[in-house]
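Tertiary structure, described
Here's the letter readout for the chains.
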Amino acid sequence: MTSLAELLARAYVAESGAVVLGEGIVADGHMPGALVRIVTHAHVDHLVGMRESLRETPFIAATPLTLEMLPELGYRIPRAKQLPLAHHIETELMGYRVKLLPANHIPGAAQVLVEWEDGFRVGYTGDFKQPGTPVMKDLDVLVIEATYGRPEHRRPWSMEIEYIFADLVRDLLVKGPVYIYAYHGKLQEAMRILREQGIDAPFIAPSKVYRIALIVKKHGIDVGEVLLAESREAKEVMRDGWYIYFTHMMNRRNGAPPTAQRVILSGWEFSGPYRQAGTRTWIVSLSDHADFDQLVEYVQEAKPKLVVVDAYREGSSEAFASYIRRHLGIPAVTSP
Ligand SMILES: [Zn+2]
């Protein structure tokens, strides 16, 4: 019988934000002396200390899609350092068996499963939502995110939100162009959702959003045709006024024409699937993170010996850990 302290000595979150999964194997943060740093996905809070890792860590591992997105976010990884790991393929690293599993979060996102030589198994979810994220089972330690770790963080509409979002966009397109505001990754996810829901209006994006969309598309995610905002073709389409423009959240205060309907995608909206926040502004509760119920379901299904809740990144780690201890009867701690 292994004690909790022994489990926690093997898998935890370091002060630097690095999720330690083996000796020399870390994810989403820098650890001096590590052999490999796994990047679960291309979001800034999972890229902390990347400059140091690029200097000191011999290998940077990620899905091929994430590896290709990183230069767009300012991280050029020398080819010799790149260790592409496709979902579901097991790789042996220094005696550890490492496998990435899909995480429904942003294109390219992955969960990490590491099996030690003596059979100890640790799984790290990275960021995820449901449906679409397989639950890792038979774990000694589960390291889980808790962005929405409080019982009030519930979005009961999360299973229908894709249709609701597309319906709203369809209605708004009748009034004028639609401007969609979100972070990188989620913007391309929004493109995929709208195409899947049958929206065929032209998509227009400024250069970084456009380039990430092309990478995502190259890796088989169907976002349809996207026009570069500066191109002649995009300018013609914009004169007609029937199009959807995808841009970064930080541009939400400027740039849209007066006729535009503005749609902000936010995970922090719990009052309903969407609400009007101004004459032409709408907030849609489209998150790329599990809500509270989905986090609880994951832990319930995984039934690990110990849950380590990531307290480095933004979230309600302490509230979530205490809920697991009290209501699921599974040992849970926050880390760091
Ligand atoms: Zn993320």
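Keep in mind the model is a prediction, meaning the values are calculated, not measured.

1. Some details on the overall build of the chain
Across its full length, the chain holds nine helices and 20 strands. The globule rule puts the C-alpha radius of gyration for 336 residues at 20 Å, and the 21 Å found for the chain is close to it. Residue burial in the chain is summarised as follows: out of 336 residues, 57% are buried. Of the contacts made within the chain by residues no fewer than 6 positions apart, 59% connect residues no fewer than 24 positions apart. Counting every atom, the chain has about 14300 Å² of accessible surface; 51% of that belongs to carbon and sulfur.

2. Points about the packing of helix α8 (residues 292-302) against helix α9 (residues 317-328)
Where α8 contacts α9, the two axes come as close as 11 Å, and the packing angle between them is 55°. The angle between α8 and α9 places the two elements in the oblique class. Here α8 and α9 pass one another in a crossing that is right-handed. The residues of α9 that touch α8, namely those facing F292, L295, V296, V299 and Q300, are F320, Y323, I324 and L328. For the contact of α8 with α9, the residue count by class is eight nonpolar, one polar and no charged.

3. Digging into α9
For α9, spanning twelve residues, the distance from its first C-alpha to its last is 16 Å, which sits close to the expected 16 Å at 1.5 Å a residue. Here α9 has its buried residues at S317, F320, A321, S322 and I324. Tucked into the core, α9 has its buried residues touching β11 (141-144), α8, β19 (306-310) and β20 (332-335). Of the residues trailing α9, G329 is marked for its positive phi of about 65°.

4. Notes on the packing of aromatic side chains
Summed over the entire model, instances satisfying the criterion amount to twelve aromatic pairs. Pairing Y96 with W116 gives two aromatic rings, centres 5.1 Å apart and planes at 85°, and the pair type is edge-to-face. Placement of the pair is Y96 in strand β8 (residues 96-102) and W116 in the loop between β9 (110-115) and β10 (121-124), with a sequence separation of 20 residues. W116 carries the same exposure label as Y96, and that label is buried. Ring-pair connections join several aromatic residues into one group, and the members of that group are Y96, W116 and F120. The side chain of R10 reaches across the aromatic face of F120, ending 4.7 Å from its centre. Above the face of the Y148 ring, R155 is positioned so that its terminal group lies 4.4 Å from the ring centre.

5. Quick word on the sheet that holds strand β3 (residues 25-27)
Taken in spatial order, the six strands of this open sheet run β1-β2-β3-β4-β5-β6, and their pairing is mixed. Whereas interior strands pair on both sides, the edge strands pair on one side only; in this sheet they are β1 (12-13) and β6 (82-84). Both strand β5 (residues 59-62) and β6 contribute to a ladder of three bridges, which runs parallel. Looking at β6, one finds that A61 is bridged to L83.

6. Considering the pattern of salt bridges
As enumerated under the stated definition, the model contains 17 salt bridges in all. The partner of D167 in a salt bridge is R170, and the shortest N-O contact between them spans 2.9 Å. In this pair, D167 and R170 both sit in helix α4 (residues 161-173), three residues apart, roughly one turn of the helix. Here D167 falls in the partly exposed class, since its relative accessible area comes to 42%. One network of salt bridges, with partners in common, ties together E90, R97, E115 and R121.

7. Examining the UniProt feature "domain: Metallo-beta-lactamase" (unreviewed entry) in the chain
The sites that UniProt annotates as "domain: Metallo-beta-lactamase" (unreviewed entry) are residues 38-181. Strand forms 26% of residues 38-181 and helix 18%; the C-alpha atoms that close the span are 29 Å apart.

8. Quick look at the sheet that holds strand β12 (residues 178-182)
Sheet architecture is open: seven strands sit in the order β14-β13-β15-β12-β16-β18-β17, paired in mixed fashion. Single-partner strands in this sheet number two, and they are β14 (226-228) and β17 (274-278). Within the sheet, the average angular offset between the axes of one strand and its neighbour, ignoring direction, is 30°. Where β12 lies against strand β16 (residues 261-265), four bridges are found, and the strand directions are parallel. Note on β16: the bridge partner recorded for Y181 is I264. Each of β12, β13 (203-205), β14 and β15 (244-248) is contacted by helix α7 (residues 232-240), which is oriented at about 105° to β14, the strand it contacts most.

Parameters at a glance
- Numbering of residues begins from 1 in every chain and follows the order in which that chain's sequence is written.
- Per-residue local features are limited, in this predicted model, to residues with pLDDT of at least 70; the limit for side-chain atom pairs, both in listing and counting, is 80 or more; totals at the level of whole chains, interfaces and linings are taken over all residues.
- Side-chain measures were taken over the full set of non-hydrogen atoms in the model, leaving aside hydrogen atoms and water.
- Only DSSP runs of H or I covering at least 4 residues are called helices, and only runs of E covering at least 2 are called strands; the numbering of each starts at the N terminus.
- Only the C-alpha atoms count toward the radius of gyration. The rule for a globule is 2.2 Å times the residue count to the power 0.38.
- Three exposure classes are used, based on accessible area relative to the maximum for each residue type with a 1.4 Å probe and protein chains only: buried under 20%, partly exposed in between, and exposed over 50%.
- The contact criterion used is simple: two residues touch if any of their non-hydrogen atoms lie within 4.5 Å.
- Accessible surface area values rest on a Shrake-Rupley calculation with a 1.4 Å probe, where residue burial reflects the displayed protein chains alone.
- Here, axes are lines fitted to C-alpha atoms. For helices the fit covers the stretch in contact, and angles between N-to-C directions go from 0 to 180 degrees.
- Oblique is the label for every angle not falling under 35 degrees (roughly parallel), over 145 degrees (roughly antiparallel), or within 65 to 115 degrees (roughly perpendicular).
- Note on convention: near helix rotated counterclockwise from far helix by under a right angle means a left-handed crossing. Clockwise means right-handed.
- Just so you know the grouping, Ala, Val, Leu, Ile, Met, Phe, Trp, Tyr, Cys and Pro go in nonpolar, Asp, Glu, Lys and Arg go in charged, and all remaining residues, Gly too, go in polar.
- Under the convention used throughout, the expected extent of a helix is 1.5 Å for every residue step, that is, one less than its residue count.
- Note on aromatic pairs: the rings of Phe, Tyr and Trp (six-membered ring only in Trp) are paired at centre separations within 6.5 Å, and the planes decide the class, stacked below 30 degrees, edge-to-face beyond 60, tilted for the rest.
- The rule for a charge over a ring is simple: NZ of Lys or CZ of Arg within 6 Å of the ring centre, and within 35 degrees of the ring normal.
- What makes two strands pair is DSSP finding at least two bridges between them.
- Throughout this description, the term salt bridge denotes a Lys or Arg side-chain nitrogen within 4 Å of a carboxyl oxygen of Asp or Glu.
- UniProt positions are given in the numbering used here, feature names are shortened, and annotations may be inferred rather than shown by experiment.

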